[in-house]
Amino acid sequence: MSVEIVNATVDPGLFHAWGSHNKVYLIGSLRNPRVPEVARGLRDLGFDVYDDWFAVGPEADDHWKRYEQERGRTYTEALSGWHAIQVFDDDRRHLDESEGCVLVLPAGKSAHMEFGYMIGRGKWGMILLDPDDDPRWDIMYQFAGAGVYETLPGLLMAAGGMCFHEDLSRRPHARYT
């Protein structure tokens, strides 16, 4: 099913079943320029979107690695450093506070770890595929009980048009394109 929407809006009052603040953790890569566009679309639907992690820029992880290596630390030692602990704790707090998540591909290991963490905690998850990539297909994306989407309009249509009284973390195999 292909769907195109223009200027879609949803009454934010419909989101009451997801919690008092309708917070969604937007998961992706620091190098993915689609993250702000997806965040805007979700905000336009009334979601409280956490995407502030994107503000550090596309090379933040590279700078952290270089800094820690200059200090003579290994990767595992750097993971125990103050910076790594602070960033991890802040991200985990926002993951824990969120009702669900949207994974924007392409994304790397951290993004997939965050998505798995959310699903493992019984929260709903959606995946937006990369339109410029024909990746190796992955069966395990079916963990995204709120759907796997080929287009942003399709994802936004589903996010704005879902039945807001159901437990989306247990919604089987929803897919929209």
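(A) Structural context of a nonpolar patch on the surface. Together, Ile139, Met140 and Phe143 make up a nonpolar patch on the protein surface, roughly 360 Å² of accessible area in all. As for its position among the elements, Phe143 is in the loop between β4 (124–128) and β5 (148–149).

(B) The side chain of Glu68, seen in detail. Counting through the fold element by element, Glu68 comes out in helix α2 (residues 60–70). When near neighbours in sequence (up to four residues on either side) are disregarded, Glu68 contacts Arg73 and Ala78.

(C) Molecular detail of the nonpolar core. Judged by nonpolar contacts, the single largest core of 38 residues is most densely connected at Leu26, Leu42, Val102, Met126 and Leu155. Secondary structure elements with two or more residues in this core: β1 (23–27), α1 (35–44), β2 (48–50), β3 (100–104), α5 (109–120), β4, β5 and α6 (152–161). Looking at this core element by element, the count peaks at 5 residues for α6. Residues contacting Val102, with those up to four places away along its chain left out, are Val24, Tyr25, Leu26, Ile27, Val38, Leu42, Trp124, Met126 and Leu155.

(D) Structural view of the packing of aromatic side chains. Scanning the entire structure with this criterion turns up 3 aromatic pairs. Arranged with centres 5.3 Å apart and planes meeting at 45°, the rings of Tyr25 and Tyr50 form a pair that is tilted. One end of the pair, Tyr25, is in strand β1; the other, Tyr50, is in strand β2, with 25 residues separating them in the sequence. Neither residue differs from the other here; Tyr25 and Tyr50 are each classed as buried.

About the criteria used
Residues numbered from 1 in each chain as written. Predicted model: local features only at pLDDT ≥ 70, side-chain atom pairs only at ≥ 80, totals over all residues. Heavy atoms only, no water. Patch = residues over 30% accessible without salt bridge, like charges linked within 9 Å, V, L, I, M, F, W, Y side chains within 5 Å. Areas by Shrake-Rupley, 256 points an atom, 1.4 Å probe, with all protein chains shown as cover. Salt bridge = Lys/Arg side-chain N within 4 Å of Asp/Glu carboxyl O. Helix = DSSP H or I, 4+ residues; strand = E, 2+ residues; numbered from the N terminus. Contact = heavy atoms within 4.5 Å. Core = buried A, V, L, I, M, F, W, Y, C linked by side-chain atoms within 4.5 Å. Buried < 20%, exposed > 50% of the residue type's maximum accessible area, 1.4 Å probe, protein only. Phe/Tyr/Trp six-rings, centres within 6.5 Å; stacked < 30°, edge-to-face > 60°.

On their own, these measurements won't tell you what the molecule is for.
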